[in-house]
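Geometric and topological summary
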Amino acid sequence: MDELIFLYVKNDKDKACDILYKNYYTRILSLARKVLADKSVAEDCVQDIFIKIFENIEKFRFGCKIGTWIYRIALNHLITVNKKLDFFLEIDEEKLYSKIEYSVEIMELQHKIKDALNELNEVEKKVFILREIEGFSYKEISNIMEINEGTVKSKLHYVKIKLRELLEKYVK
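The present account deals with the structure reproduced in this document.

Thresholds applied
Every chain begins its residue count from 1, and numbering advances along the sequence as written. Only residues with pLDDT of at least 70 get local features here, since the model is predicted, and only at 80 or more are side-chain atom pairs given and counted; chain-wide, interface and lining totals rely on the full set of residues. Neither water nor hydrogens contribute to the side-chain values; these are computed over all heavy atoms in the structure. By convention in these notes, a salt bridge is any Lys or Arg side-chain nitrogen within 4 Å of a carboxyl oxygen on Asp or Glu. Here a helix means four or more residues in a row that DSSP labels H or I, a strand means two or more in a row labelled E, and each is numbered from the N terminus. Angles run from 0 to 180 degrees between N-to-C directions of axes, and those axes are lines fitted to C-alpha atoms, restricted for helices to the stretch in contact. Working definition: roughly parallel below 35 degrees, roughly antiparallel above 145 degrees, roughly perpendicular at 65 to 115 degrees, and oblique for all remaining angles. Take the far helix as the reference: if the near one is turned anticlockwise from it by less than a right angle, the crossing is left-handed, and if turned clockwise, right-handed. Residues count as neighbours in contact if any of their non-hydrogen atoms are within 4.5 Å of one another. Stacked, edge-to-face and tilted are the three classes for Phe, Tyr and Trp ring pairs, Trp counted by its six-membered ring, which pair at centre distances within 6.5 Å; planes under 30 degrees apart are stacked, over 60 edge-to-face, the rest tilted. A simple rule labels every residue: compare its accessible area, found with a 1.4 Å probe on the protein chains alone, to the largest value its type can have, and call it buried under 20%, exposed over 50%, or partly exposed in between. Here, a charge over a ring is recorded when the distance from Lys NZ or Arg CZ to the ring centre is within 6 Å and its angle to the ring normal is within 35 degrees.

Comments concerning the pattern of salt bridges
The full count for this structure, using the stated rule, is four salt bridges. The shortest N-O distance in the salt bridge between Asp18 and Lys22 comes to 3.2 Å. Of this pair, Asp18 and Lys22 are both found in helix 2 (residues 13-35), four residues apart, which corresponds to roughly one turn of the helix. Lys160 is the partner of Glu132 in a salt bridge, and the nearest nitrogen-oxygen pair spans 3.1 Å.

Right, dumping it as structure tokens:
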């Protein structure tokens, strides 16, 4: 992918777009087929997605990963198309109620998780968020919080036990 960035920097946008297409076409098509039920619509969407990518390549921030940027464009487009398609399809009420029920359960679980996190003290919460949500290493957390690396590991261990106890009645 460094070759792509080099070509783009050297103002060879066509070559950069060609490399992107060759490297990501199959992956984006696979994603489209998973999101959309109609295979021909999925294939058309992939073409539209690459047009959007090529038209917006100047907006790419080189601090980001190109794959993440491409998938974000693809997923946003596929969701939009899926919503438009759903509007024209007949609604299976049982399936709809099932989805709504599932969404409500997820929302309830999210609230329980948020409540459980609020039960933690500030140090526990910071350690958990930095490690499990932000993905920092133990050493990085140790430096950020100015505490011993062993303390970070210990606190994280006890936080997980505490959260497990607080959430076990909600998770099957």
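Things to note about the packing of helix 6 (residues 122-133) against helix 7 (residues 138-145)
Across the interface, helix 6 lies against helix 7 with an axial gap of 10 Å and an inter-helix angle of 140 degrees. In this view, helix 6 runs oblique relative to helix 7, as classed from their interaxial angle. Along this stretch, helix 6 crosses helix 7, giving a crossing that reads as right-handed. For the pair helix 6 and helix 7, the contacting residues are Val123, Lys126, Val127, Leu130 and Arg131 in the first and Tyr138, Ile141, Ile144 and Met145 in the second.

Points about the packing of aromatic side chains
Taken as a whole and assessed by the stated rule, the structure comprises four aromatic pairs. Between the aromatic rings of Phe50 and Phe54, the centroid separation amounts to 5.9 Å while the plane-to-plane angle is 45 degrees, which identifies the pairing as tilted. With Phe50 and Phe54 both in helix 3 (residues 39-55), this residue pair falls four residues apart, about one helical turn. Exposure remark for Phe50: the relative accessible area of 1% places this residue in the buried category. Through a chain of ring-to-ring contacts, three or more aromatic side chains come together here, namely Tyr21, Tyr25, Phe50 and Phe54. Note that Arg27 overlies the ring of Tyr24, its terminal NZ or CZ placed 4.6 Å from the centroid. A cation over an aromatic ring shows up here: Arg131 above the ring of Tyr138, its NZ or CZ 4.0 Å from the ring centre.

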